[in-house]
Amino acid sequence: MKRKAWLFLCGPGIAFIIICCTYPVLKIIFQTFFDDVGNFSLAGYGEIFQMSFFTNSLARTMKLSLLTTLICAVVGVPVSFYISRMSAGRKSMAISFATFPLLTSAIVRSICWIVLLGKKGTINNLLIFLGIISKPLSILYTETSMLIGYIQLFMPLMLLSLVGVMESIDDELILAARTLGCGPIRSFAKVVLPLSVSGLITGSMLVFTGTVTAYATPSLLGGSKTKVLSTLLYQYAYNMNDWLSAAMVAGVMIVITIVLNVVFTYAAKRLNKGGAQ
């Protein structure tokens, strides 16, 4: 009876995911493992990895994804701890402000950064007015502008993941560490960080995966020359009508996401075991 109820409740959702999400992706990726004759071959992947355009886009994607994850983690940990120790009313307000960017479209946010970072934008005009620079800086359509957009886009995910874990940490544990002679920084490193590993790993996976697959932000802030895998995929599929190469790029993105998620999960288990010991 319980099994029938489980199938009745979960069956439609599972079927929808398999038919509408999993099957199309597998069908597209599956064709990349065969040549024109129908024989199994990985020659297509070998050719695409020999293209400097692809390898540069792959290296740029990995670099920006790792930098975004690292910056979000470094900034998010202390900010999340501070938010988690606020009163209920102030905490709700702080979380609302932190998650406010999620309420607006990524396209709208990217256009706002274009206005701010352009050569005639607000930031350059302000720096010239203050006499800090004599000519406008080339910030827009670079990796720097893309990194800024990524951080603003995914920082709320890191904060939400960490706040939920940190607010469950008992204040008495921190007080006990202070009583035993640990200073504020050491008690934070010895007590708060080990207990926040699960939230940190979850936030890192969300940020990294989101950065690898994001399209609107790198497309608008990176321009046509600063390509990442997502914009390269779009170019192959819609501009060049090369769906096979687009499928290979998609396959590489999926593999990267799966491998990094496995690494993050393994690291979380190791850190949790170390904390328990």
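Quick summary incoming for the structure in this document. (Residues numbered from 1 in each chain as written. Predicted model: local features only at pLDDT ≥ 70, side-chain atom pairs only at ≥ 80, totals over all residues. Heavy atoms only, no water.)

### Examining empty space enclosed by the protein
Next, step 1: Enumeration according to the criterion identifies one cavity of 30 Å³ or more in this entry.
Next, step 2: Reported here for the largest cavity is a volume of approximately 30 Å³.
Next, step 3: Taken together, Ala106, Arg109, Ser110, Trp113, Gly149, Gln152, Leu153 and Thr217 form the lining of the largest cavity.
Next, step 4: Among the secondary structure elements, those contributing two or more residues to the lining of the largest cavity are helix H5 (106-117) and helix H7 (143-166).
Next, step 5: At four residues, the largest contribution of residues to the lining of the largest cavity is made by H5. (1 Å grid on protein atoms, 1.4 Å probe; cavity = no way out; pocket = protein on both sides within 12 Å on 5 of 7 lines; lining within 4 Å. Points joined across faces, edges and corners; volume = space filled by probe spheres on them. Helix = DSSP H or I, 4+ residues; strand = E, 2+ residues; numbered from the N terminus.)

### As for the environment of Ala250
Next, step 1: With respect to the secondary-structure elements, Ala250 resides in helix H13 (residues 243-276).
Next, step 2: With a relative accessible area of 19%, Ala250 lands in the buried category.
Next, step 3: For the pair Ala250 and Leu229, spaced 21 residues apart in sequence, the C-alpha to C-alpha distance is 8.1 Å.
Next, step 4: Discounting residues that sit within four places of it in the chain, Ala250 has contacts with Ile29 and Leu233. (Buried < 20%, exposed > 50% of the residue type's maximum accessible area, 1.4 Å probe, protein only. Contact = heavy atoms within 4.5 Å.)

### Focus: a nonpolar patch on the surface
Next, step 1: The grouping of Trp6, Leu7, Ile14, Ile18 and Ile19 at the surface amounts to a nonpolar patch, some 510 Å² of accessible area in total.
Next, step 2: Structurally, Ile19 is set in helix H1 (residues 2-30).
Next, step 3: The exposed category is assigned to Ile19, whose relative accessible area is 58%. (Patch = residues over 30% accessible without salt bridge, like charges linked within 9 Å, V, L, I, M, F, W, Y side chains within 5 Å. Areas by Shrake-Rupley, 256 points an atom, 1.4 Å probe, with all protein chains shown as cover. Salt bridge = Lys/Arg side-chain N within 4 Å of Asp/Glu carboxyl O.)

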